[in-house]
Amino acid sequence: NSVFHHVVQAPEDPILGVTVAYNKDPSPVKLNLGVGAYRTEEGKPLVLNVVRKAEQLLVKDSSRVKEYLPIVGLADFNKLSAKLILGADSPAIRENRVTTVQCLSGTGSLRVGGEFLARHYHQHTIYIPAPTWGNHPKVFGLAGLSVKTYRYYDPATRGLDFQGLVEDLRSAPSGAIVLLHACAHNPTGVDPTSQQWEQIRQLIRSKALLPFFDSAYQGFATGNLDSDAQSVRMFVADGGECLVAQSYAKNMGLYGERVGALSIVCGNADVAGRVESQLKLVIRPMYSNPPIHGASIVGTILKDSSLSQEWTIELKAMADRIISMRHQLLDALHARGTPGDWSHIIKQIGMFTFTGLNSEQVAFMTKEYHIYMTSDGRISMAGLSTKTVPHLADAIHAAVT
Ligand code: PLP
């Protein structure tokens, strides 16, 4: 009795599904380490003070209206976003060869970039790291690209499989697109060293591969916005072309505002202008134009030096709390005499630890300890607090002994 009677139940999203299961659990000790959202020591979501301030300034300004933004979004926001990732003194910006469009957070920026490449770039194969954020293959596949992987993580060392990465990129077809996590690789927390980045850069340029950076954690890895942008800046400093998708979800805590940007660094200003005109043709039939509120918050903060300064302090505090959680968890495992080498907990960087726990161990921890995480053993360090570290350490200890 429905024209949709044949529609089958779809599986829960593997990452967001963790929260669905968590919400159903009545246990008072339950702990959600599945989703990559920052929590305070008290386990609460955090709205940055500087964001509250910016919102108050916006509310007070009665000249502000709710008209549509242009297809490419807020002009100030776009300029400031390009400067944030490429550097205020970036020659590429000075030479007007960067086009930036406001998109729906990191995901929307990746999708718009992917569709642009599928329409206008001669190579339709994109190489993504194995493993990577679970949405990457779907975003790029639906954008019309053909998705392949390159080796990235070595379970034996719980570190980078640099040799595998180099071999795979070396045997990629000339011109192929390569997705790179700008910093704080998700889910592994493993980043190349700066020497390794330099070797990757040389290899990519020598084979004329096209780098597409996903920058979802700028400032979250080290606490410093410039340090976390070094990988991208190396690739722009050599004069070559690249794409960058930026998200303000984590570093400004604007998750639900869906604010991000896609920048395409082009060979010259002429090309950049034409590329922008085609980006508009990708965006217009997809969602017409982006939302105004989140981008206005970011714009208000980034164009004011004292608000920007405040932001960097709050951002550093979030990054520092995560780093402190890493040390507390490692200490707690040492105190319990948990077998195995757990030093990767403090070596890995960013929001996540790729624990090395397998799916049975994860299922055990969920069943017996009410701890929720993705089945690949990834835990969000941002969801942990001094109070909950002992519970997690008990669970890991029990799972591996
Ligand atoms: N890219 C990576 C690697 C991520 O981890 C995420 C979020 O978890 C995103 C992109 C996109 O996030 P958003 O669309 O919320 O900005």
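Residues numbered from 1 in each chain as written. Predicted model: local features only at pLDDT ≥ 70, side-chain atom pairs only at ≥ 80, totals over all residues.

## Things to note about the overall build of the protein chain
Argument step 1. Looking only at helices and strands, the protein chain has 15 helices and 13 strands in total.
Argument step 2. In summary, the protein chain has a C-alpha radius of gyration of 21 Å against a globular reference of 21 Å for 401 residues, a match within 12%.
Argument step 3. By its C-alpha atoms, the protein chain is 60 × 60 × 55 Å across when sized along the principal axes.
Argument step 4. Looking at the protein chain as a whole, 46% of its 401 residues are labelled buried.
Argument step 5. For the protein chain, the proportion of contacts with a sequence separation of at least 24, taken over those separated by at least 6, is 76%. (Helix = DSSP H or I, 4+ residues; strand = E, 2+ residues; numbered from the N terminus. Rg over C-alpha atoms; globule rule 2.2 N^0.38 Å. Buried ≥ 20, exposed ≤ 12 C-beta atoms within 10 Å, placed from the backbone. Contact = placed C-beta atoms within 7 Å.)

## Considering the site of the ligand
Argument step 1. Taken together, the neighbourhood of the ligand is formed by 13 residues, with Ser105, Gly106, Thr107, Ala216 and Ser247 sitting nearest.
Argument step 2. For the shell around the ligand, the element with the most residues is helix H5 (residues 105–120), which contributes three residues.
Argument step 3. When the residues that make up the shell around the ligand are grouped by side-chain class, the tally is four nonpolar, eight polar and one charged. (Near = placed C-beta within 6 Å. Nonpolar A, V, L, I, M, F, W, Y, C, P; charged D, E, K, R; others polar.)

## Section: the pairing of strand S4 (residues 146–151)
Argument step 1. Relative to S4, strand S3 (residues 125–130) runs parallel, the two sharing six bridges. In the sheet register, Thr125 faces S4, and the bridge partner there is Ser146.
Argument step 2. At this point the chain moves from S3, through helix H6 (residues 136–143), to the parallel S4, and the crossover so formed is right-handed. (Pairing = 2+ DSSP bridges. Right-handed = clockwise from strand over helix to strand, strands pointing away.)

## Side note on the packing of H5 against helix H10 (residues 269–287)
Argument step 1. Here H5 crosses H10 at 115°, and the two axes come no closer than 10 Å. Between H5 and H10 lies a crossing of right-handed hand. Touching Val112, Glu115, Phe116 and His120 of H5 are Gln278, Leu279, Val282 and Ile283, all from H10. (Axes fitted to C-alpha atoms, helices over the stretch in contact; angles between N-to-C directions. Left-handed = near helix turned anticlockwise from the far one by under 90°.)

## Digging into the sheet that holds strand S8 (residues 210–215)
Argument step 1. Across the sheet, which stays open at both edges, the seven strands sit in the order S2-S10-S9-S8-S7-S3-S4 with mixed pairing between neighbours. The outermost strands of the open sheet, each flanked by one partner alone, are strand S2 (98–104) and S4. Across the sheet, the axes of successive neighbouring strands diverge by a mean angle of 25°, strand direction being ignored.
Argument step 2. Inspection of the sheet shows S8 paired to strand S9 (residues 242–247) by four bridges, in the parallel sense. Within S9, the residue paired with Asp214 across the bridge is Ala245.

## Here we look at helix H9 (residues 230–237)
Argument step 1. The set of residues buried in H9 consists of Ser231, Val232, Phe235 and Val236. In a view along the axis of H9, the buried residues occupy a sector of 135°, so they form one face of it.
Argument step 2. Just past H9, the residue Gly239 takes up positive phi, approximately 85°. (Arc of directions from axis to C-beta.)

## A few points about the environment of Ser63
Argument step 1. Structurally, Ser63 is set in the loop between helix H2 (49–60) and helix H3 (75–86).
Argument step 2. Taking the C-alpha atoms as reference points, Ser63 and Gly256, separated by 193 residues in sequence, lie 25 Å from one another.

## Looking at unusual backbone geometry
Argument step 1. Between Ala130 and the following residue, Pro131, the backbone shows a cis peptide bond with an omega angle of 0°.
Argument step 2. Locating Pro131 in the fold gives a position in the loop between S3 and H6.
Argument step 3. Here the phi dihedral of Asn96 falls at roughly 60°; this positive angle occurs in a residue that is not glycine.
Argument step 4. With respect to the element layout, Asn96 can be found in the loop between helix H4 (91–94) and S2.

## Describing the UniProt feature "domain: Aminotransferase class I/classII large" (unreviewed entry) in the protein chain
Argument step 1. What UniProt calls "domain: Aminotransferase class I/classII large" (unreviewed entry) maps, in this numbering, to residues 30–396.
Argument step 2. Between the end C-alpha atoms of residues 30–396 the distance is 15 Å, and the span holds 45% helix and 16% strand. (UniProt positions renumbered as here; feature names shortened; annotations may be inferred.)

## Digging into helix H11 (residues 293–302)
Argument step 1. For H11, the buried fraction is high: nine of the 10 residues fall into the buried class.
Argument step 2. Of the surrounding secondary structure, the elements contacted by the buried residues of H11 are H2, H3, S2, strand S10 (259–265) and helix H12 (305–336).

## Overview of the pairing of S3
Argument step 1. Bridge count for S3 against strand S7 (residues 177–181) is two bridges, and the pairing is parallel. Along S7, the bridge assignment pairs Tyr127 with Val178.

## Some details on the confidence of the model for the protein chain
Argument step 1. Counting all residues, the mean pLDDT for the protein chain is 96, and 100% of those residues have values of 70 or more.
Argument step 2. Two numbers describe this predicted complex: its pTM, 0.96, and its ipTM, 0.99. (pLDDT = per-residue confidence, 0-100.)

## Points about the nonpolar core
Argument step 1. Among the nonpolar cores identified, the biggest contains 117 residues, and Tyr127, Val178, Phe213, Val232 and Val298 are the most heavily contacted of them.
Argument step 2. No other element matches H12, which puts nine residues into this core.
Argument step 3. Setting aside residues up to four positions removed in sequence, Phe213 forms contacts with Leu180, Ala182, Val232, Cys242, Leu243, Val244 and Ala245. (Core = buried A, V, L, I, M, F, W, Y, C linked by C-beta atoms within 7 Å.)

## Remarks on the packing of H3 against H11
Argument step 1. At their nearest, the axes of H3 and H11 sit 9 Å apart, and the two run at 60° to each other. As far as their axial angle goes, H11 and H3 are oblique. Between H3 and H11 lies a crossing whose hand is left-handed. Along its contact with H3, which presents Asp76, Phe77, Leu80 and Leu84, the element H11 presents Ala295, Val298, Gly299 and Leu302.
Argument step 2. For the contact of H3 with H11, a count of residues per class yields six nonpolar, one polar and one charged. (Parallel < 35°, antiparallel > 145°, perpendicular 65-115°, else oblique.)

## What to know about the environment of Val259
Argument step 1. Tracing the sequence through the fold places Val259 in strand S10.
Argument step 2. Between the C-alpha atom of Val259 and that of Lys60, which follows or precedes it by 199 residues, the distance is 22 Å.
Argument step 3. What Val259 contacts, discounting residues up to four positions off in sequence, is Ser105, Tyr248, Leu254, Gly294, Ala295 and Val298.

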